[in-house]
Amino acid sequence: YEAILFMHIKLSLPIDAETLVPHRPPLCLVSRLLEFSGQTGIVESVIGQDNIFLKENGAMPSLTLVELIAQASAAVKGYDDLRQGKPIKKGFLVDVREIRFTGECLRGDTLHIKVDIIRTISGFSVIHGEVGKNGVIIAEGTIKIWVPEESYTPDQTAADVG
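Please read these numbers as outputs of a predicted model, since none were measured by experiment. (Residues numbered from 1 in each chain as written. Predicted model: local features only at pLDDT ≥ 70, side-chain atom pairs only at ≥ 80, totals over all residues. Heavy atoms only, no water.)

J.: Where do I start with unusual backbone geometry in this structure?
T.: Most peptide bonds take the trans form, and the phi angle of most residues other than glycine is negative. Between Leu13 and the following residue, Pro14, the backbone shows a cis peptide bond with an omega angle of -5°. Positionally, Pro14 belongs in the segment before β1 (15-16). Put simply, Pro25 and Pro26 share a cis peptide bond, and its omega is 5°. By the element assignment, Pro26 lies in the loop between β1 and β2 (32-37). Phi is positive for Asn134, close to 55°, though the residue is something other than glycine. The residue Asn134 is located in the loop between β8 (124-133) and β9 (136-146) in this model. (Helix = DSSP H or I, 4+ residues; strand = E, 2+ residues; numbered from the N terminus.)

J.: Got a minute to help me understand the confidence of the model for the protein in this structure?
T.: Parts of the model with low pLDDT should not have their predicted coordinates read in detail. Across the protein, pLDDT averages 87, with 86% of residues at or above 70. Here residues 1-8 scores under 50 on pLDDT; set against residues more than four positions off or in separate chains, the count is 22 contacts. (pLDDT = per-residue confidence, 0-100. Contact = heavy atoms within 4.5 Å.)

J.: Teacher, can you tell me more about the sheet that holds β8 here?
T.: Neighbouring strands of a sheet are bound in pairs by backbone hydrogen bonds; such pairs are parallel or else antiparallel. With antiparallel pairing, seven strands are arranged side by side in an open sheet as β1-β2-β3-β7-β8-β9-β5. At either end of the open sheet lies a strand with only one pairing partner, and these are β1 and β5 (92-101). Where β1 and β2 come together, two bridges link them in antiparallel fashion. If you follow Ile15 over to β2, its bridge partner there is Leu33. (Pairing = 2+ DSSP bridges.)

J.: What is the right way to read the packing of aromatic side chains from this model?
T.: Each aromatic ring pair is characterised by the separation of its centres together with the angle its planes make. Enumeration over the complete set of coordinates arrives at three aromatic pairs. Look at Phe92 and Trp146: their rings are 6.0 Å apart centre to centre, the planes differ by 35°, and that puts the pair in the tilted class. Residue Phe92 is found in strand β5, and its partner Trp146 is found in strand β9; the two are separated by 54 residues along the sequence. Note on Trp146: relative accessible area 33%, which makes it partly exposed. Members of the aromatic cluster, each reached through a chain of ring pairs, are Phe92, Phe124 and Trp146. (Phe/Tyr/Trp six-rings, centres within 6.5 Å; stacked < 30°, edge-to-face > 60°. Buried < 20%, exposed > 50% of the residue type's maximum accessible area, 1.4 Å probe, protein only.)

J.: Can you walk me through the side chain of Ser45 in this structure?
T.: Considering the arrangement of structural elements, one finds Ser45 in strand β3 (residues 40-46). From its side chain, Ser45 meets the backbone oxygen of Leu29 in a polar contact 2.5 Å long. Dropping the residues within four chain positions of it, Ser45 is found in contact with Leu29, Val30, Ser31, Leu68, Asp109, Thr110, Leu111 and Ile113. (Polar contact = N/O pair within 3.5 Å; in protein donor to acceptor, adjacent residues only side chain to side chain.)

J.: How do you make sense of the pattern of salt bridges when you look at a structure like this?
T.: Where charged atoms from two side chains of opposite charge approach closely, those side chains can pair. One pass over the structure, following the stated rule, counts seven salt bridges. Between Arg83 and Asp80 there is a salt bridge, with its nearest N and O atoms 3.1 Å apart. Remark: Asp80 and Arg83 occur in helix α1 (residues 64-83); sequence separation between them is three residues, near one turn of the helix. Owing to a relative accessible area of 47%, Arg83 belongs among the partly exposed residues under this scheme. The buried category is assigned to Asp80, whose relative accessible area is 9%. A salt bridge links Glu149 to Lys89, with the shortest nitrogen-to-oxygen separation between them at 3.4 Å. One end of the pair, Glu149, is in the segment after β9; the other, Lys89, is in the loop between α1 and β5, with 60 residues separating them in the sequence. For Lys89, a relative accessible area of 24% puts it in the partly exposed group. (Salt bridge = Lys/Arg side-chain N within 4 Å of Asp/Glu carboxyl O.)

If you want it as structure tokens, here you go:
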């Protein structure tokens, strides 16, 4: 893959998540990165009519909230990488631990996912995430993501991010 480095790009929040993550519709479940501070961020997800994970009754399976945490962490990492002039990399969800589901998500909901990248060692990151709806946490837990060293997103260009 050919990687393009992003030098001196001015990024401002909120920013469209598709700029920051390798996911594309219909699998991109996050909408915008709202807040960023070091290894922590808050990402918005609007559960639209076209969400492929919705059940017939308009509910989203609880397990999908784990993917929201993973994609939110990708948005935070992607933003941090772009700020540092690095290309966005593809990562893989490799472990889920201590996840608690305490509420449900429905078609039309706006969710806020807070992620904190706790530590990163040899391409593996441990991330704590909370999914909130109307100020109430509906899922919380810890996941592990692996980002291989040579995992650049090939279609990312400087023109894509402004």
